[in-house]
Every structure is written in C-alpha cells, then in structure tokens.
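Chains, contacts and geometry: an overview
Next come the chains, spelled out residue by residue.
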Amino acid sequence: MKVRSNLYRKEGYYGYLFVLAPVVGYLLFTLYPLLYSLYGSFTDWDGLGQMTFIGLDNFKDILADELFYKASFNTIFMMIGIPIEITLALLLAMGLNRKMFGTTTFRVIYYVPVISSLAAVSILWQWAYNGDYGLVNQFLALFGFEGPNWLADKYTVKPALILMMIWKNIGYSMLLYLAALQSVPKDYYEAAQLDGANSWNIFWNITFPMVKPVTFFIVVTKIIGGAQIFTEVNIMTPTGGPEYSSATVVFYVWKKAFENLQMGYASGMAMLLGLFIFVITLVQFRMNERASKDME
Amino acid sequence: MKKSLLAAMAATIVLGGVIAGCSSNSQTEGSTEAGQGGTKQLSFMFRGGPEEQKAYEATVKKFEADHPDVKVKIITTTGDQYATKLKAAITGKSVPDVFYFDPGDLRAYVNAGVLKDITEYVKDVDFDNIWKRGVDIYRYDGNNVGQGSIYGLPKDVGPFALGYNKDMFTAAGIPLPDKEKPYTWDEFIKVNQQLVKDTNGDGKIDQYGTGFNVNWALQAFVWSNGADWLDATNTKVTIDDPKFAEALQYFADMQNVHKITPSIEDAATLDTYQRWMKGELAFFPVGPWDLATYETLPFDYDLIPYPAGSTGKSATFLGSLGIGVSSGSKNPEEAAQLVTYLTASPEGMQQLVDAKVQIPNLIDMAEKWAADTTTKPANKAEFLRIVEDYGKPMPNTLTYNSEWYQLFFTDIQPVLDGKVTAADYVKAEQPKMQKLLDKAVEQEAKSKK
C-alpha cells in the first residue's frame, strides 16, 4: 500500500513540474507585463525615466483623441474580412472534402501562406500592390483595367489589406473546417437523402449545425486577432497610410510608445483595446451559450 | 454564465498578446563583465542597409584587431525596427554599451540618464578636423542643444543634395544646370517642362521632370522661401506664415498644375526612386548613403543646388545619426574608444568611406574625397557645401518629440492632390500642431526633474 502511495506522490510531483513551466512563463511574460502596463496607463511615463501617477488623465486624453478614433474605426473596418474569410473557408473546405483527384495538392496550396512569415508575405504583397509595376495591376491590365496605386490611396488601402489578410489566413480556417466536416457521421446525409432533402436543406440542417463549434472558435479567435492587426500595416504602410487611413489601434499604440515617448498613454490605449476584446469575446460566449440552449 | 465569463477572460488574455507588450522579448544583452584573460566585452547596436551593415561590421573587426583586449558583440536590426528595439532595451534596463541614436532623442536620453557624458573620453579627438555642425548636435548643457558636454559623435552627416540626370539633358539638347547658381522656381518649372516626354510615342508619358517625396523634399522649398516649421525658440509652430503656404503650394503645383511629376497615384517614394534609377526622372535628391547603389546607374548624374525661392538661396537638410555610450556601460573607456574609432579616426573613417556609404567626418579627408572628380558624382563638393554652409537639421529633431511634425505629413495628402489649398491647410493645421508641440514642451520640462 505504502509503495503505491509513494508512486503516486512521485507522479504528482512530476505533474506539478510539467505544469510549472507554462505557469511560470505565463506569470513572467504575460501577467507581469500586463499588470505593469496597467499601472503604466495611470502614469505620465515616457518609457525611459520616472513614472508619475496621474490617475485617469491618460484615458481622458485618449477619449478626446481624434487619431485614436480613426485608428479604432480602421481596426473595426478591417474586420469586414472575417465573415468573408469564414464563408470562403467553409466553401473551400466543402469542396476539398470530396473524393476528387488533387485535393491534397489544393489543401497544401491553401495552407502554404499560413505557415509563411507574415513579414515576408507583407513585403511580397507590397510589391504586388505597387501602382506601376505590381502584379495586381499588371493582371488587371490584361482585362483593360488601370488599377490604382493600392497602398497610396486612402480608398483602396484598407480593401487591399483585407484582401491580403484573407489570402494569408484562409488556409487555417479551411483546415479546421475540413477536420470538422470529416467528423460528421455519414448516416445523417444518407438519411436526409432518403427523405428527399435537397442540397441546400442538407447544408443548412446538417452541415452548418455540425461545424458550429468550429465556426464559433474561428470567429472568436479571428476577432481577437483582428483587433491586434499590426505587422501588415507597419510593413506595408509604415506611415499609417494616406491620412492615417490604414493605421490600426496597435499601430497607433506602437507609434506613441516607441516614437513619441508616451509609454503611459500607449499603455492606456492598450488597456482600452484589451477591454474591448474582452467585452466582445464575453458577448460571443454568451450568445453561443444561448444559441446552444435554444437548440436543445 | 460563470463559465462563459471565465472562458472569455481566458481567451482574451491568452490571445491578447498586445497588452503584454509586443516588445517583451528582451533580446539585447546589456553591458557585460570582464571575461577571462583580461578581455573586455562591448555590445554595439546599430542599423543600416546591407551595404552599411557590411561596412560597419568590417570596421568593427579592424577595431578589435587594433584593440586586442576588447571584444565587440554586434547587434544589428533593420532601420524600421531599430527604434522599437532600442527603446525596449532602455525600458528593460539592458542598453548596449555603444549604440546609434537619433539626434531628436538626445534630450530625452540625457534627461533620463541613458546616455553617458563622454566629454572626458574624447579629449584626443581633433575637433578642428570634424564638421562642427555634426558634433554640435550632440552637445547638450541641460537646457540647450549645441553647447556643453558631448553625449555622442556623429556616425556621419547626411547632406541631402539634388541630383540630375546628365544624359537626359544632353539628349534633349538643354544646357546643363549651373552648379554655382541655383535655378529660380520659375526656371526650374520651365526646364522640367522641357524634359517631360513621351519617348516611345505610345501616347503615355514615360519621362518626367521630377518626383519629390513630400516628407524629405518639402523642407528645401519651404526654407529657401524664408519660412520654417518652428520659430527660433522651437516652441511655436509657424506654418501659418504666407511664405510657408506659398512654398507648399508651389510643391503641390508641380504635380497638379505644371504636370512635371508622375501623377498623384504614382508619387509614393519607392516609385519615384525606382523611376530615377531607371532613368525616367530628370531631377532627384541624392543622399551620400545611396552612392554605392548609384554606382550602377545606367546614366551619368551630378549634383546641383536646390532651386531657390524668394530668399534667392538654396536650402536642404543635413541629417545625422549619433553614436553614443550607455551610462550603464561597465567599460565606458573602451566604449568611447569604439565611438571615436568609428567616427573620428582616419583608420576607421577610411574604411567606411571606401565602402561608399557616407561622406567622411574628417574635413581633410572629405576635401580630398570631394576633389576627386573622376568618380560619380563629379560635383561631390556640393555635399560639403551643404555640410559647411546651408544644410539645416530637420525640424522634428529640434523638439522633445516629433508628434506635431508627423501630424503635418499625416494630413497633407489633400493638398498634394489639389483638393485643398496650401493656405487653407496651414491655417487649419497650425492650431492642431501647436497643441501637440505644447504637450511636447511640457513633457520635456517634466523629464528634467
């Protein structure tokens, strides 16, 4: 008896050891900076020297800051890409789920951008969008269209970025959907066909509900990620685009923190962004819960 | 209910990496202890294009060979990541021993105790043989830049000269520009108009006069018209001066009225830079850092003064980048030696000049370099005239932060597109910029405490 309990104790000890690494990592690299930044948001701090406590002054200034609103608007606007991407990913996944020649090749092709470095992809697309000799405009010229200088025009810069992000990320959502589709039991489809359901009915009543958990996961993670768009913007439009039309919140935070010596102010904006993400995520979880109850 | 709150919180925190600060990966390792065998370790962080990085790495190797007891650990980044990395290193209190810094950050870094006063270590430097303007921007007495202790030495000075495509003039049968006497603004437009051409007869223009990037070339026009962004005390934004508006309007009209530049959509830097290199632009600014790249141009080019506005005098900016020593360095003396080797020693300077990434800091070497008219551009003396005579620092380097100045360029597109007049723009923009400048002044006062 005693031997066994010792064995358990030893096992438990190793268990804690394994858990320790991520916990310490979390405390050191996430929680501590988070709290530090939270404190920073209540101070007047240039990122170099002393932090002076100033209460809510940063937040008052932020809420009166035109550029903050502009950046927030841009960030939310660029999330238009999320529903487009999800719809396309589901359609693609359904297409590639069939037994057909070459599906593996297509899966790889769609997944390659996902594993490519975002910085490299941004540089690639920056060239593609070049107004003079870019690939995109050369392609349009084949059909007689004269394309704009995508990244230098305030009306085309956001659509251009959205398009690129869809291209970059679609493979990831597609793969998740593909996994979900493959776990849908075949008998459901057979039964539906026997009852004479058409393909739309089948999609709406079987496929869509069955992949719903994946849809939920993708929507939540995409919105959290979408609120933090930075690298693409920073590389493709290093000045924030014409009239700041492509600047996102994180881009603006970065400018304030590292170029304008206003780390306290930047921390405040990061806190507001964090709060926004938290509230949106909470709302989604609630809605998901209610929807699952309705189904029962 | 509870479950969803927790789940949402977990999802937010785990994925919300931004709040944790994207720069928390403390990569740079700070000052180092003396190793075995009496070797002293230094870390040196800098930035630059591939050519520059190669040149500086080679020069540092030479320094190590000349100083056997010192080992230098090099940290490089690309230009756009440098500021983030350096500021993250400062916040994380692991500043490299020797590092580049923008002259605009001098006061912030000195006030926060980041930069070391290296006056006593640079006593042997022959300051009569180094550009005074280059050194003065790294002097600071606690109130004014330009006097007092030395906190860095110039990596180099960057005179932003105007270049022109010689072959294009010859082909069009137009007399070459005078390198002594600048064009007037009207003359400049006329010459440009003669050079705008459809060379292959397809109905599309494929040779333009010029194509300036507003961020880097507007200063030349504003200053030569007797206006500026700031008053003499650097506390008032003066863009609402009619002379300023006139210069800005002239700049915008080059595109919209006189049509001597590629269309608005094509005016982003890369495009005009590429066009110049392909030989499609008659005039384009030339910085010394581009000389190695321009070696391979398929045409002959030379330097001239910028066209002169109502003052009758050319103007342009003189950039610089400083090399300083961290106040936390454990080997300040060796660190300062590396700084002087890179900036003020004939051995170090010659290597960097040979790599064609900058003009010499040493006056005698620079004069010899400029006198050699067999290498392109022949009129290198124009670079030296900018350094000694008419180059000015960028307005954003004169204030504690440059947010006010950035705003000017953030909002400027409608003026360049011809949708808003320069006069209306400067009137609307001045108060907004002034507000940001006031904040910067206030911030500076606080940082001195």
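Please read these numbers as outputs of a predicted model, since none were measured by experiment.

The next subject is the interface of chain B and chain A. With 46 residues of chain B at the interface, the matching set in chain A holds 47 residues. Connecting chain B to chain A are two salt bridges. Across the pair Asp44(A) and Lys446(B) runs a salt bridge, and its minimum N-O distance is 2.5 Å. Counting across the interface, chain B meets chain A through eleven residue pairs in polar contact (both at pLDDT 80 or more). Mapped by element, the contributors of at least two residues to the side of chain B that touches chain A are helix 1 (2-15), helix 3 (79-91), helix 4 (106-111), helix 10 (269-277), helix 16 (403-410), helix 17 (413-416) and helix 18 (422-447) of chain B.

When the UniProt feature table is mapped onto this chain numbering, "transmembrane region" (unreviewed entry) sits at residues 12-35, 76-96, 108-128, 160-181, 202-224 and 263-285 of chain A. Between the end C-alpha atoms of residues 76-96 of chain A the distance is 31 Å, and the span holds 90% helix and 0% strand.

The UniProt record annotates "domain: ABC transmembrane type-1" (unreviewed entry) at residues 67-284 of chain A. Between the C-alpha atoms that bound residues 67-284 of chain A the distance is 28 Å, and the span itself is 73% helix and 0% strand.

Counting 122 residues, the largest nonpolar core has Leu218(B), Trp229(B), Phe283(B) and Phe408(B) as its most contacted members. With 13 residues, the single largest contributor to this core is helix 8 (residues 157-182) of chain A. In this structure, Tyr208(B), Leu342(B), Leu362(B) and Val387(B) belong to the second largest nonpolar core, which totals 80 residues.

All right, on to the domain arrangement of chain A then. Residues and elements named next belong to chain A. Considered domain by domain, chain A is made up of domain 1 (6-53) and domain 2 (63-294). Computed from C-alpha coordinates alone, the two centres of domain 1 and domain 2 are separated by 30 Å. The interface is formed by ten residues belonging to domain 1 together with seven residues belonging to domain 2. Buried surface at the junction of domain 1 and domain 2, summed over both partners, amounts to about 640 Å²; 69% is from carbon and sulfur atoms. At the junction of domain 1 and domain 2, the tally comes to zero salt bridges. Tallying contributions element by element places helix 1 (residues 2-40) first for the side of domain 1 that touches domain 2, with four residues. For the side of domain 1 that touches domain 2, the per-class residue count stands at four nonpolar, five polar and one charged.

Let us look at the environment of Ile174(B). All names here are of chain B. Here Ile174 lies in the loop between helix 6 (166-172) and helix 7 (185-195). For the pair Ile174 and Leu195, spaced 21 residues apart in sequence, the C-alpha to C-alpha distance is 8.9 Å. Once residues lying within four places of it in the same chain are set aside, the contact partners of Ile174 are Phe169, Gln194 and Leu195.

Residues and elements named next belong to chain B. In the structure shown here, the tally under the stated rule is 24 salt bridges over all chains. Residue Arg139 pairs with Asp136 through a salt bridge whose shortest N-O separation is 3.2 Å. For the salt bridge of Arg385 with Glu382, the shortest nitrogen-to-oxygen distance reads 3.0 Å. One end of the pair is Arg385 and the other is Glu382, both in helix 15 (residues 381-390) and three residues apart, which spans about a single turn. Residue classification places Arg385 among the partly exposed positions, given a relative accessible area of 29%. Overall, Glu382 belongs to the buried group, its relative accessible area being 1%. Bridged by salt links that share partners, the residues Glu52, Lys155 and Asp156 form one connected network.

This brings us to helix 7 of chain B. Residues and elements named next belong to chain B. All of the buried residues in helix 7 are Trp185, Phe188, Ile189, Val191, Asn192 and Leu195. In a view along the axis of helix 7, the buried residues occupy a sector of 165°, so they form one face of it. The exposed set on the far side of helix 7, more than 90 degrees from its buried face, consists of Asp186 and Lys190. Buried positions along helix 7 lie against helix 6, strand 8 (208-210), helix 8 (214-224), helix 9 (242-256) and strand 9 (281-286).

Interface extent is often summarised as the accessible area lost during association of the parts. All names here are of chain B. Domain annotation for chain B reports domain 1 (40-157 + 319-383) and domain 2 (161-317 + 395-448). Every contact between the two is made by 23 residues of domain 1 and, on the other side, 25 residues of domain 2. Where domain 1 abuts domain 2, roughly 2100 Å² becomes buried across the two surfaces, and 56% of that area is made up of carbon and sulfur atoms. Scanning the region where domain 1 abuts domain 2 turns up one salt bridge. Of the charged contacts, one joins Arg107 and Glu444 as a salt bridge, the two residues approaching to 3.7 Å between their closest N and O atoms. There are eight residue pairs in polar contact (both at pLDDT 80 or more) connecting domain 1 and domain 2. Among the elements of the structure, helix 4 and helix 15 are those that each provide at least two residues to the side of domain 1 that touches domain 2. The biggest single contributor to the side of domain 1 that touches domain 2 is helix 4, with three residues.

What counts and what doesn't
Residues numbered from 1 in each chain as written. Chains lettered and ligands numbered in written order. Predicted model: local features only at pLDDT ≥ 70, side-chain atom pairs only at ≥ 80, totals over all residues. Heavy atoms only, no water. Contact = heavy atoms within 4.5 Å. Salt bridge = Lys/Arg side-chain N within 4 Å of Asp/Glu carboxyl O. Polar contact = N/O pair within 3.5 Å; in protein donor to acceptor, adjacent residues only side chain to side chain. Helix = DSSP H or I, 4+ residues; strand = E, 2+ residues; numbered from the N terminus. UniProt positions renumbered as here; feature names shortened; annotations may be inferred. Core = buried A, V, L, I, M, F, W, Y, C linked by side-chain atoms within 4.5 Å. Buried < 20%, exposed > 50% of the residue type's maximum accessible area, 1.4 Å probe, protein only. Domains from an automatic or database assignment. Buried area = accessible area lost by both parts, 1.4 Å probe. Nonpolar A, V, L, I, M, F, W, Y, C, P; charged D, E, K, R; others polar. Arc of directions from axis to C-beta.

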